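# Observations on the three-dimensional arrangement
Each chain, written out:
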Amino acid sequence: MLYDNALDGIAVTFVSFVALQLWFNDYSNGLAFERMLLILSMAAICAYRIMDTLHWRRNSPKNENASNIGFTRFFVGNTLSCSVWCVYVFMFLPSMSRDEITASIIIISALTGGATTALSSHLSICAIYIFLMLFPYSSLLVFSSSQEFTYLLGTLGYIFLIVMISIAVKSHRFTKNAIKLKCKNMQLADESERSKLMIEQVNSDLELKVNERTKELVDLSNKDPLTQLFNRSGFLSQLKAKIQSASRDNQELAVLFIDIDGFKAINDGHGHEFGDLVLVQVANRIREFADSQNNACRWGGDEFVMVLEGCNAIEAKAMSASLISIISEPISLSKFDARVSATVGISMYPEHSDSSDLLINMADTAMFCQKQNARSKAAVFTQSMREMKLREYYLKAALSSAIVNQELALVYQPVVNQISQEVEFCEVLLRWTHQGEIVSPDEFIPIAENYGLIHSIGEWVLTTAFRETTSWVFDKDVAISVNVSVLQLEATGFVQKIRALLEKEQFPGEKLHIELTESVFTKNVEYLANQIRQLQAMKISVSLDDFGTGFSSLAQLQFLAADTVKIDKSFIDNIESGGHSIIKATQDIAKALNYRVVAEGVETTEQAELLNKIGVSSIQGYLYAKPMSQDMLESWYDRHKNTKDNDI
Ligand code: C2E
Ligand code: CA
Ligand code: CA
């Protein structure tokens with residue numbers, strides 16, 4: 001700071017000194033030469049100080065030592081310029097005019113006044129400067145002259161000296177504080193700059209991490225965690241992009257909907273963990289076949305979707321056949337070897353649609369239709385499939401309001417003991433008439449099951465059957481046998497719901513049979529066996545319907561411990577050919593396991609007689625009665641009683 005203010009101070013000192021010398025130079029007193037010498041001395045000192053200042057400014061000191069040297073040089077320069085002033089007043093005071101004395105004390109005082117600011121950063125230098133400038137001159141004025149005027153000026157000089165020193169002290173304090181503050185500010189600015197850099201660094205690290213995490217999340221949200229294939233949403237965006245590029249390149253594209261055959265049995269038989277291992281192996285085969293990870297996805301459960309670019313329907317079907325044979329190869333796992341297969345549905349872009357959703361939906365429909373015909377084959381979507389699907393949507397929409405619109409009704413089909421001709425029980429069958437069309441339960445029950453409508457419909461059937469049969473044409477002990485979907489039986493709270501309904505309608509449990517289709521054998525058999533036990537605890541009888549058509553084994557009859565088996569109509573139809581031995585075997589086992597056996601779909605007396613020979617006496621079928629409404633049931637029963645009496 002001393003050097004910062006130095007140039008102004010040197011200039012003022014030099015100019016005022018030279019002006020003073022030249023203005024009051026009296027050539028008559030013979031001191032002109034001395035004055036010139038003084039001017040030269042002052043010029044030399046000022047030149048030295050200017051060079052020193054410039055040197056300092058150019059090479060600002062890097063360490064304390066260099067600072068001290070600079071300080072000493074400044075001190076020397078400053079003190080030298082004071083000493084020239086001292087020499088001047090000592091040499092010239094006796095010859096000075098009153099004006100020069102006044103002018104010089106004013107200039108010296110002014111210079112010291114300036115010094116209180118310019119030199120305030122260093123109190124000693126400032127005080128020494130003020131002292132050297134004012135004290136000698138004031139003393140000379142007071143003591144070396146007897147004039148009152150110089151005495152007065154000298155005294156004023158002393159007073160000024162004291163005032164200036166005290167101002168210098170204050171000014172120094174102020175400057176010191178200002179410097180401290182400045183340093184602090186600089187430090188703060190430094191720190192804030194450092195913090196800013198740190199924050200910027202942390203921010204950029206954070207941004208990198210956020211980007212990484214976002215990518216991971218996007219990957220995760222688009223991937224199926226088990227198979228690492230795309231999930232639905234990940235695949236749909238891939239498929240959309242592929243449709244766009246196929247449209248640009250004027251190319252065809254095939255969407256394959258792959259449903260694994262036989263997976264459920266593995267899952268139910270060996271547990272979910274083993275099922276997962278099988279799925280991973282199947283997914284790996286699909287991934288390899290698909291060439292690229294982007295072309296395949298796990299659609300859900302045991303369903304996969306694949307896209308084949310640039311191939312026509314014939315090629316897609318051929319490729320599907322090879323894919324099916326690859327999936328059908330045995331899967332070696334540490335516990336067991338597993339074997340599954342696949343049924344594939346194919347839809348084509350642009351022939352069938354340009355919407356990714358619709359293409360998948362159509363491929364799904366093609367798979368579904370193919371599965372109903374024959375498993376482990378591929379089928380391309382057709383117009384009739386589209387119509388079937390449209391009808392399904394239409395029926396589903398209509399079915400959801402069928403109860404409210406009172407379109408549902410129940411019919412009853414008696415099961416007759418062919419020896420005693422007694423009505424043993426009546427099967428309750430559901431009828432739906434929608435806008436004049438009688439829709440078969442074989443068509444609408446699977447739709448109700450697929451779209452979750454079976455629960456409300458099933459409850460309606462039970463409630464209505466209870467109400468219609470509380471008092472009816474038959475003896476009050478004749479039971480009703482209600483078909484219940486396995487989906488209903490699986491639903492939580494089903495048993496409680498039945499209990500509540502029985503209580504509400506005051507319907508005795510022993511008057512209710514529940515018919516379960518044989519598909520129960522493909523489900524979680526232990527859970528279902530438990531449900532059956534709970535129903536039996538309420539005195540409800542349980543029948544296994546359509547027996548012999550599905551995956552049942554006679555051994556499972558024991559495990560499920562139901563009450564009745566209903567031998568499927570297809571065996572009765574073939575009773576004269578292969579059906580006979582199956583019915584016989586079922587009858588033997590059932591008898592041993594304490595099951596009642598009912599033959600369904602008996603249409604002829606020959607069939608009834610053959611059944612009788614085997615020992616099956618409970619007969620249901622057109623031979624005795626078609627399913628009938630309550631009104632018709634009454635007249636049928638009257639006729640039946642008459643023929644019975646006549647027979648006797
Ligand atoms: P199902 O339980 O096997 O019912 C027997 C079916 O065979 C009935 O068809 C009945 O009309 C028919 N049938 C009975 N005797 C003969 C015969 O001698 N000859 C011929 N050709 N057919 C005979 P329906 O009523 O069309 O019912 C079809 C299926 O719909 C039923 O098969 C049952 O699985 C299902 N279903 C019917 N009502 C309900 C219901 O309320 N709930 C549930 N979950 N399913 C039902
Ligand atoms: Ca039935
Ligand atoms: Ca049946």
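Residues numbered from 1 in each chain as written. Chains lettered and ligands numbered in written order. Predicted model: local features only at pLDDT ≥ 70, side-chain atom pairs only at ≥ 80, totals over all residues. Heavy atoms only, no water.

### Brief notes about the coordination of the calcium ion (ligand 2)
Surrounding the calcium ion (ligand 2) are the protein donor atoms E427 (OE), N483 (OD1), E515 (OE) and D545 (OD), which sit 2.1 to 2.3 Å from the metal. For the calcium ion (ligand 2), all donor residues lie on one chain, and their spacing in sequence is E-x55-N-x31-E-x29-D. Separating the calcium ion (ligand 2) from the calcium ion (ligand 3) is a gap of 4.0 Å, which D545 spans by donating to each of them. Residue E427 is found in strand β9 (residues 423-434), and its partner N483 is found in strand β11 (residues 479-484); the two are separated by 56 residues along the sequence. (Donors = N, O, S within 2.8 Å, 3.2 Å for Na, K, Ca; no water. Helix = DSSP H or I, 4+ residues; strand = E, 2+ residues; numbered from the N terminus.)

### A closer look at the environment of I266
On the secondary structure map, I266 appears in helix α8 (residues 263-270). The class of I266 is buried, set by a relative accessible area of 9%. With near-sequence residues (within four places) excluded, I266 lies in contact with G271, F274, G275, V278, A338, R339 and V340. (Buried < 20%, exposed > 50% of the residue type's maximum accessible area, 1.4 Å probe, protein only. Contact = heavy atoms within 4.5 Å.)

### Some thoughts on the coordination of the calcium ion (ligand 3)
Distances from the calcium ion (ligand 3) to its protein donors, D545 (OD), D546 (OD), E600 (OE) and E600 (OE), fall within 2.2 to 2.4 Å. Here the donor residues for the calcium ion (ligand 3) map to a single chain with the spacing D-D-x53-E. On the basis of relative accessibility, which here comes to 4%, the residue D545 falls in the buried class.

### So, the sheet that holds strand β3 (residues 303-309)
Within the open sheet, the 5 strands sit side by side as β2-β3-β1-β6-β7. Their pairing is mixed. A single partner strand is all that each edge strand has here, and the edge strands are β2 (296-300) and β7 (378-380). Between one strand axis and the next, the sheet turns through 25° on average, direction left out of account. Sheet topology places strand β1 (residues 253-261) next to strand β6 (residues 341-349); 9 bridges connect them, and they run antiparallel. (Pairing = 2+ DSSP bridges. Axes fitted to C-alpha atoms, helices over the stretch in contact; angles between N-to-C directions.)

### Re the environment of L610
Here L610 lies in helix α21 (residues 605-614). Classification of L610 as buried rests on a relative accessible area of 19%. The sequence separation of L610 and E576 amounts to 34 residues, and the corresponding C-alpha distance is 8.3 Å. Those residues in contact with L610, other than ones at most four positions away along the chain, are I575 and E576.

### Brief notes about a nonpolar patch on the surface
Where nonpolar side chains cluster on the molecular surface, the patch consists of L152, L156, I159, V163 and I167 and spans about 430 Å² of accessible area. Relative to the helices and strands, L156 resides in helix α6 (residues 148-222). Given the relative accessible area of 48%, L156 is considered partly exposed. (Patch = residues over 30% accessible without salt bridge, like charges linked within 9 Å, V, L, I, M, F, W, Y side chains within 5 Å. Areas by Shrake-Rupley, 256 points an atom, 1.4 Å probe, with all protein chains shown as cover. Salt bridge = Lys/Arg side-chain N within 4 Å of Asp/Glu carboxyl O.)

### Some thoughts on the side chain of S320
Checked against the element boundaries, S320 lands in helix α10 (residues 313-328). A residue is classified by how much of its surface remains accessible, and S320, at 0% relative accessible area, is buried. When neighbours within four sequence positions are excluded, S320 is seen to be in contact with L256, V344, I346 and A378.

### A look at the pattern of salt bridges
A full pass over the atoms with the stated rule returns 18 salt bridges. Residue D52 is joined to R73 by a salt bridge in which the shortest nitrogen-to-oxygen separation is 2.7 Å. You can see D52 sitting in helix α2 (residues 32-58) and its partner R73 sitting in helix α3 (residues 64-92), a full 21 residues away along the chain. Accessibility expressed as a relative area gives 7% for D52, which makes it buried. In this structure, E424 and R596 form a salt bridge, with 3.3 Å as the shortest nitrogen-oxygen distance. Of this pair, E424 sits in strand β9 while R596 sits in strand β15 (residues 596-599), and the two are 172 residues apart along the sequence. We classify R596 as partly exposed; its relative accessible area is 33%.

### Considering the site of ligand 1
Taken together, 21 residues surround ligand 1, and among them Q413, R431, D545, E603 and Y622 come closest. E603 places a polar side-chain atom, nitrogen or oxygen, 2.6 Å from a nitrogen atom of ligand 1. For ligand 1, the accessible surface in isolation is 790 Å², of which the surrounding protein chains cover 83%. Broken down by secondary-structure element, the contributors of at least two residues to the shell around ligand 1 are β9, α13 (441-450) and β13 (541-547). For the shell around ligand 1, the element with the most residues is β9, which contributes 4 residues. When its residues are assigned to classes, the shell around ligand 1 shows 8 nonpolar, 5 polar and 8 charged. (Near = heavy atom within 4 Å. Polar contact = N/O pair within 3.5 Å; in protein donor to acceptor, adjacent residues only side chain to side chain. Nonpolar A, V, L, I, M, F, W, Y, C, P; charged D, E, K, R; others polar.)

### A look at unusual backbone geometry
Cis geometry marks the peptide bond from Y349 to P350, where omega comes out at 5°. By secondary structure assignment, the location of P350 is in the loop between β6 and α11 (356-373). The residue N250 is not glycine, and still its phi comes out positive at about 60°. If you trace the backbone, N250 turns up in the loop between α7 (232-248) and β1. Taking relative accessible area as the criterion, N250 reaches 72% and is therefore assigned exposed. In this structure, Q421 takes a positive phi of about 65° despite not being glycine. Relative to the assigned elements, Q421 resides in the loop between β8 (408-417) and β9.

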